[in-house]
Amino acid sequence: LAGDLTSVNPTATMSAGELQQQLTEARAKGFVITHQETYPGVSGISVPVLTPRAQPLGSIAIAAPSQRMEGPQIEAYAKLLVEVGQRVANRIAGVSAGES
């Protein structure tokens, strides 16, 4: 990994190792959860949008005040976002709902 790891939120820091760990988690779980990475008091969930060969096309993310993104809500939102990401990827790839 190369380049500037400066966050939008100047109080948030992330090492190259932490970023690598986050990418590994994203591959395993299908999503990433962040807390105060962009703005203080804000949590986010993001999912990759991938081609059928797992090449990145983009991502979809949501963010909300941290007090609205706790435990069960995070899991529910992440599940929905992963489903939406898969539908978007299928749509881009021209795969119908019954084929995936």
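An account of the accompanying structure is given in this report. (Residues numbered from 1 in each chain as written. Predicted model: local features only at pLDDT ≥ 70, side-chain atom pairs only at ≥ 80, totals over all residues. Heavy atoms only, no water.)

## Here we look at the environment of Val-32
Within the fold, Val-32 resides in strand E1 (residues 32-35). Val-32 gets classed as buried once you look at its relative accessible area, which sits at 13%. With 29 residues separating them along the chain, Val-32 and Ala-61 place their C-alpha atoms 9.2 Å apart. Those residues in contact with Val-32, other than ones at most four positions away along the chain, are Gln-22, Ala-26, Gly-44, Ile-45 and Ser-46. (Helix = DSSP H or I, 4+ residues; strand = E, 2+ residues; numbered from the N terminus. Buried < 20%, exposed > 50% of the residue type's maximum accessible area, 1.4 Å probe, protein only. Contact = heavy atoms within 4.5 Å.)

## Comments concerning the pairing of strand E3 (residues 56-65)
Relative to E3, strand E2 (residues 42-50) is paired through nine bridges, and the arrangement is antiparallel. For Val-42, the partnering residue across the bridge sits in E3 and is Pro-65. Linkage of E2 to E3, two consecutive antiparallel strands, is achieved through a turn of five residues, within which Ala-54 is found at a positive phi near 65°. (Pairing = 2+ DSSP bridges.)

## Quick word on unusual backbone geometry
Positive phi, close to 60°, is recorded for Gln-36, a residue that is not glycine. Residue placement: Gln-36 occurs in the loop between E1 and E2. What makes Gln-36 partly exposed here is its relative accessible area of 40%. Notably, Ala-54 is not glycine yet its phi reads approximately 65°, a positive angle. In this structure, Ala-54 sits in the loop between E2 and E3.

## A word on helix H2 (residues 71-93)
An ideal rise of 1.5 Å per residue puts 33 Å on 23 residues; H2 measures up with 33 Å between its terminal C-alpha atoms. The complete set of buried residues in H2 reads Ile-74, Ala-78, Leu-81, Val-82, Gly-85 and Ala-89. Contact partners of the buried residues in H2: E1, E2 and E3. Just downstream of H2 lies Gly-94, where phi reads positive at about 80°. (Expected span 1.5 Å × (residues − 1).)

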